[in-house]
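# Summary of the model geometry
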Amino acid sequence: MTARSPLPPFTLETALAKVQAAEVAWNTRDPERVALAYTEDSSWRNRDQFLTGRAAIVEFLHAKWQRELDYALRKELWSFHGNQSQLT
């Protein structure tokens, strides 16, 4: 996997750009594209489900987006201080 800009350390502008890029990627509803943002051994929790690895993430997102036909994610920068950001 190649790194995607912008990369830390962030300025306010690059932090906002990173949040927007994540929102755009999720709203493609392309599980393979979204999963590339996570490591091969990522661990996810969704309510009572625990997932490990990109393949599990892709499978989960396929099923999610078949059920949730009007799915749209909205992300925003929650806080930004000292090159650290919080996403929602």
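Residues numbered from 1 in each chain as written. Predicted model: local features only at pLDDT ≥ 70, side-chain atom pairs only at ≥ 80, totals over all residues. Heavy atoms only, no water.

## Some thoughts on the overall build of the protein chain
Check the secondary structure of the protein chain and you find three helices and four strands. Moving toward the C terminus, one meets the helices and strands of the protein chain in the order α-α-β-β-α-β-β. The buried share among the 88 residues of the protein chain stands at 27%. Expressed as a percentage of contacts within the protein chain between residues at least 6 apart in sequence, the contacts between residues at least 24 apart total 46%. Total accessible area computed for the protein chain in this model is approximately 6300 Å², and 53% of it derives from carbon and sulfur atoms. (Helix = DSSP H or I, 4+ residues; strand = E, 2+ residues; numbered from the N terminus. Buried < 20%, exposed > 50% of the residue type's maximum accessible area, 1.4 Å probe, protein only. Contact = heavy atoms within 4.5 Å. Areas by Shrake-Rupley, 256 points an atom, 1.4 Å probe, with all protein chains shown as cover.)

## So, the packing of aromatic side chains
Tallied over the entire structure, the rule returns five aromatic pairs. Seen in terms of ring centroids, Trp26 and Trp44 are 6.0 Å apart; in terms of plane orientation they differ by 15 degrees. Their pairing is stacked. You can see Trp26 sitting in helix α1 (residues 12-26) and its partner Trp44 sitting in strand β1 (residues 43-46), a full 18 residues away along the chain. Taken individually, Trp26 and Trp44 each receive the classification buried, so the pair is uniform in this respect. (Phe/Tyr/Trp six-rings, centres within 6.5 Å; stacked < 30°, edge-to-face > 60°.)

## Some details on the nonpolar core
Trp26, Val34, Ala35, Trp44, Leu51, Ile57, Val58, Phe60, Leu61, Trp65, Tyr71 and Leu73 form the largest nonpolar core, which has twelve residues in total. Those elements that place two or more of their residues in this core are α2 (31-35) and α3 (54-67). Here this core gets five residues from one element, more than from any other, and that element is α3. Ignoring anything within four residues of it in the chain, the contact list for Leu61 reads Trp26, Pro31, Val34 and Trp44. (Core = buried A, V, L, I, M, F, W, Y, C linked by side-chain atoms within 4.5 Å.)

## Description of the side chain of Arg54
With respect to the element layout, Arg54 can be found in helix α3. Its relative accessible area of 14% is what places Arg54 among the buried residues.

## Description of the environment of Tyr71
With respect to the helices and strands, the residue Tyr71 is situated in the loop between α3 and β3 (77-81). With a relative accessible area of 18%, Tyr71 lands in the buried category. As for Tyr71 and Trp26, which are separated by 45 residues in sequence, their C-alpha atoms are 9.6 Å apart. Those residues in contact with Tyr71 that sit more than four places away from it in its chain are Trp26, Asn27, Arg29, Lys64 and Trp65.

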